[in-house]
Amino acid sequence: RKEVEQDPGPFNVPEGATVAFNCTYSNSASQSFFWYRQDCRKEPKLLMSVYSSGNEDGRFTAQLNRASQYISLLIRDSKLSDSATYLCVVPRDSNYQLIWGAGTKLIIKP
Amino acid sequence: NAGVTQTPKFQVLKTGQSMTLQCAQDMNHNSMYWYRQDPGMGLRLIYYSASEGTTDKGEVPNGYNVSRLNKREFSLRLESAAPSQTSVYFCASSELEGAFTEAFFGQGTRLTVV
């Protein structure tokens, strides 16, 4: 099993819809998680941090399910500008080392 | 507000050639990182520098060397490029030590080794 796994997609979603995708992780000791967003041919940028059961920021909600070892990202009222690849990130046991998922590609269609 | 600046943005090398990727940040961050990103894979850490004067190997350090020139600058050197090093390279920095803080990335260097 990979340390961090994501469905590569693409998820094709109409504008205004709600979309959710998951990220599974193998290290049960992981305490914090991140979602980064990466636009095509651009650098990753932090979207959300998840330190406990979840986090919400406007239209974006991240939830953590420790029992099943996955985190989810929910996007409500999706916009065309939400089209991007969403990267799930989990710290390793030691500092400085992050395990990056390969990303889930999201395409919002008008 | 430049943030993290990488040069060059694009580079084509012949097998066996050497080159240095430059990275500078103007956010007074302590930690800096070099990653590579390959299709279908997550970012992989090549080297990192927790603070000025220190460097450590990451997940995939073979074939690379780094220099933390000062607090602002962290360079990555390929001594003898190989086709397997064809990738997109990202430099990143973070304010605090550790993996639990936001990383800010440069725009990336697209390297092709032929």
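Everything that follows concerns the structure shown earlier in this document.
Description of the structure in this document. All values reported here derive from a predicted model rather than from experimental measurement. (Residues numbered from 1 in each chain as written. Chains lettered and ligands numbered in written order. Predicted model: local features only at pLDDT ≥ 70, side-chain atom pairs only at ≥ 80, totals over all residues. Heavy atoms only, no water.)

This part takes up the interface of chain B and chain A. Chain B puts 27 residues into the contact, and the matching count from chain A is 20 residues. Summed over both partners, the interface of chain B with chain A buries about 2,000 Å², with 55% contributed by carbon and sulfur atoms. Between the two partners, chain B and chain A, sit zero salt bridges. Where chain B meets chain A, there are two residue pairs in polar contact (both at pLDDT 80 or more). The dominant element in the side of chain B that touches chain A, judged by the number of residues it contributes, is strand β4 (residues 31-37) of chain B, at four residues. In terms of residue class, the side of chain B that touches chain A is built from 13 nonpolar, nine polar and five charged. (Contact = heavy atoms within 4.5 Å. Buried area = accessible area lost by both parts, 1.4 Å probe. Salt bridge = Lys/Arg side-chain N within 4 Å of Asp/Glu carboxyl O. Polar contact = N/O pair within 3.5 Å; in protein donor to acceptor, adjacent residues only side chain to side chain. Helix = DSSP H or I, 4+ residues; strand = E, 2+ residues; numbered from the N terminus. Nonpolar A, V, L, I, M, F, W, Y, C, P; charged D, E, K, R; others polar.)

A few words on the pattern of salt bridges. One pass over the full model with this rule turns up seven salt bridges over all chains. Across the pair A:Asp82 and A:Arg59 runs a salt bridge, and its minimum N-O distance is 2.8 Å. Separated by 23 residues along the polypeptide, A:Asp82 in the loop between β8 (70-75) and β9 (84-91) and A:Arg59 in the loop between β6 (54-57) and β7 (60-65) bring together distant segments of the chain. Here A:Arg59 falls in the partly exposed class, since its relative accessible area comes to 23%. For the salt bridge of A:Asp77 with A:Lys79, the shortest nitrogen-to-oxygen distance reads 2.9 Å. The class of A:Asp77 is partly exposed, set by a relative accessible area of 38%. Bridged by salt links that share partners, the residues B:Arg36, B:Asp38 and B:Arg44 form one connected network. (Buried < 20%, exposed > 50% of the residue type's maximum accessible area, 1.4 Å probe, protein only.)

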